[in-house]
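Coordinate inspection notes
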Amino acid sequence: DGSVAPCCDDLKLEVIFWLGELCADKECSCWLVNVLDCINRIFTQSFVRRKDDEMSIAILFFYEQLLLHEETRFQVIGGDGVIDAILLCLEERSSLGYTAAKCLTLIEDLDRNHDGSLGDVGCYIREKRFSLVAITDEVDS
């Protein structure tokens, strides 16, 4: 049925936190970017099913660490569906939403054109963030 034993999820969580810590080092980050596709799949599964905020937060921490190094930044920004999955996390009014907002702000700050203007991904994030705020305001009213 595709379900995973809770102990496997706990082990995945610990490994992802450990990988995030290792990514603080630029050399490790360059090596660990090779597992990004696997981490992206786990993130999509964790968040899309909305079953595991803790796993999603751990993965966002991993992304943040990769974003800090110029050599690994593009793989996160250009990752298949990564930006959209992070944007979906903004809907959560919890630690997950806060962590996603922090990660998106970092991406916006780093995605710049040669003249310093906001890049394509940064513009996309800003547009989606504003539309999400407008929808949230309508729902709250």
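These numbers were taken from a predicted model, which means no experiment stands behind them. (Residues numbered from 1 in each chain as written. Predicted model: local features only at pLDDT ≥ 70, side-chain atom pairs only at ≥ 80, totals over all residues. Heavy atoms only, no water.)

1. As for helix H7 (residues 95-110)
This is how it is decided: Secondary structure follows DSSP: runs of H or I at least 4 residues long count as helices, runs of E at least 2 residues long count as strands, and numbering of each begins at the N terminus. Helix span, as expected, comes to 1.5 Å for every residue beyond the first. Remark: exposure states derive from per-residue accessible area (1.4 Å probe, protein chains only) relative to the maximum for the residue type, with buried under 20%, exposed over 50%, and partly exposed in between.
Look at H7: 23 Å from first C-alpha to last across 16 residues, which is about the 22 Å you get at 1.5 Å a residue. Considered for burial, the residues of H7 that qualify are Leu96, Gly97, Thr99, Ala100, Cys103, Leu104, Ile107 and Glu108.

2. Section: the nonpolar core
Keep this limit in mind: What we call a nonpolar core is a set of buried Ala, Val, Leu, Ile, Met, Phe, Trp, Tyr and Cys residues that are connected through their side-chain atoms within 4.5 Å. We call two residues in contact when some of their heavy atoms are within 4.5 Å.
One finds Phe62, Tyr63 and Ile86 to be the most contacted residues of the largest nonpolar core, which totals 34 residues. Among the secondary structure elements, those contributing two or more residues to this core are helix H1 (6-22), helix H3 (36-48), helix H4 (53-67), helix H5 (70-77), helix H6 (82-89), H7 and helix H8 (120-140). Among the elements that take part in this core, H4 stands out by supplying 8 residues, more than any other. Beyond its immediate chain neighbours, meaning those up to four positions away, Tyr63 contacts Leu36, Ile39, Asn40, Phe43, Val76, Val82, Ile86 and Cys103.

3. Some thoughts on the packing of aromatic side chains
So the rule is basically this: The rule is short: rings of Phe, Tyr and Trp, with Trp giving its six-membered ring, pair when the centres are within 6.5 Å, and they are stacked under 30 degrees, edge-to-face over 60, tilted in between.
According to the stated counting rule, one finds 1 aromatic pair in the structure shown. Seen from their ring centres, Phe43 and Tyr63 are 5.6 Å apart, and the 85° between their planes marks the pair as edge-to-face. Within this pair, whereas Phe43 is found in helix H3, its partner Tyr63 is found in helix H4, the two being separated by 20 residues in sequence.

As far as function goes, none of this settles anything; it's purely spatial.
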